[in-house]
Amino acid sequence: DVIDNLAAESTIIVEDVTHTLFSSYPRFEKNDYYIASVRKWFGVPCGGMLAAPNRTIDSSSLMNESTFPAIRLKALWLKSQYLKGGEQDLKSSYLSLFEQAERMLESDMGSYKIDILSETILKTVDHDLIVNKRKSNFMLLADGLASMSGARGVFSDVPADVCPMFFPILIDRNRNQIRQKLSQEKIYCPIHWPGPKHSLNHFEKASEIYNTILS
């Protein structure tokens, strides 16, 4: 098996479990590390997870000085004001701040402890409530879109041990126009994921998914 061959060559195996962070099914046991972005689940300035089943993680070397959480917090606040009032200037401002924060991640490879505000939110949030709500939201969308022409749900049900991050659909045509119309109704649907820069001519099914998927 590929993983066994990599491990035999002392390759470090890392699995990104961001999209399945709150699912409870058994994990692949041969990983050296598991990582996840927590801020993609909650409205927190920052936060991530690092776990290692058979290794000791030395947190004493982690730094805790960073302007990243402050920039993200300001962006989140401006976004909340935009969603309440719809002022377009606020939208460009918070998008610019989010972009600035992302550039920081790309240029700074240091390790940082989570900020106090984000840690407090994560410790007090009701995780079971969130899992149950996401499942019920998923099924509401699955049922409501089941008979809709031009859009197909990728999945029709949620297994008991799965917590969905979003509800993926495939839109047969005019995806970008539909996405724009939803945005006008304050329904913001991301595309997971944008296509790679290289050609997908030899991967017809992958190309179809990239061009039609919406979350």
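Residues numbered from 1 in each chain as written. Predicted model: local features only at pLDDT ≥ 70, side-chain atom pairs only at ≥ 80, totals over all residues. Heavy atoms only, no water.

1. Overview of the pairing of strand 2 (residues 33–37)
One ladder, built from 3 bridges, connects strand 1 (residues 14–16) with strand 2; its direction is parallel. Its bridge partner being in strand 2, V14 is matched across the sheet by Y33. Pairing geometry for strand 2 and strand 3 (residues 48–51), over 4 bridges, is antiparallel. Within strand 3, the position partnered with Y34 by the bridge is A51. (Pairing = 2+ DSSP bridges. Helix = DSSP H or I, 4+ residues; strand = E, 2+ residues; numbered from the N terminus.)

2. Quick notes on the pattern of salt bridges
Counting across every chain of the model gives 8 salt bridges. Close ionic contact of K123 with E119 constitutes a salt bridge, the shortest N to O distance being 3.1 Å. Residue K123 and its partner E119 are located together in helix 4 (residues 116–124), separated by 4 residues, close to a single helical turn. For K123, a relative accessible area of 66% corresponds to the exposed category. Judged by relative accessible area, which is 32%, E119 ranks as partly exposed. One salt bridge connects E208 with K205, and the closest N-O pair in it is separated by 3.7 Å. With E208 and K205 both in helix 7 (residues 204–212) and 3 residues apart, the pair spans about one turn of that helix. The network of salt bridges with shared partners includes R152, D172, K205 and E208. (Salt bridge = Lys/Arg side-chain N within 4 Å of Asp/Glu carboxyl O. Buried < 20%, exposed > 50% of the residue type's maximum accessible area, 1.4 Å probe, protein only.)

3. Some points on unusual backbone geometry
At S10, a position not held by glycine, the phi torsion is positive, near 65°. Considering the arrangement of structural elements, one finds S10 in the loop between helix 1 (2–8) and strand 1. Positive phi outside glycine occurs at N174, with the angle close to 60°. Looking at the element boundaries, N174 is found in the loop between strand 5 (169–171) and helix 6 (175–184). On the basis of relative accessible area, N174 is assigned to the partly exposed category, the value being 44%.

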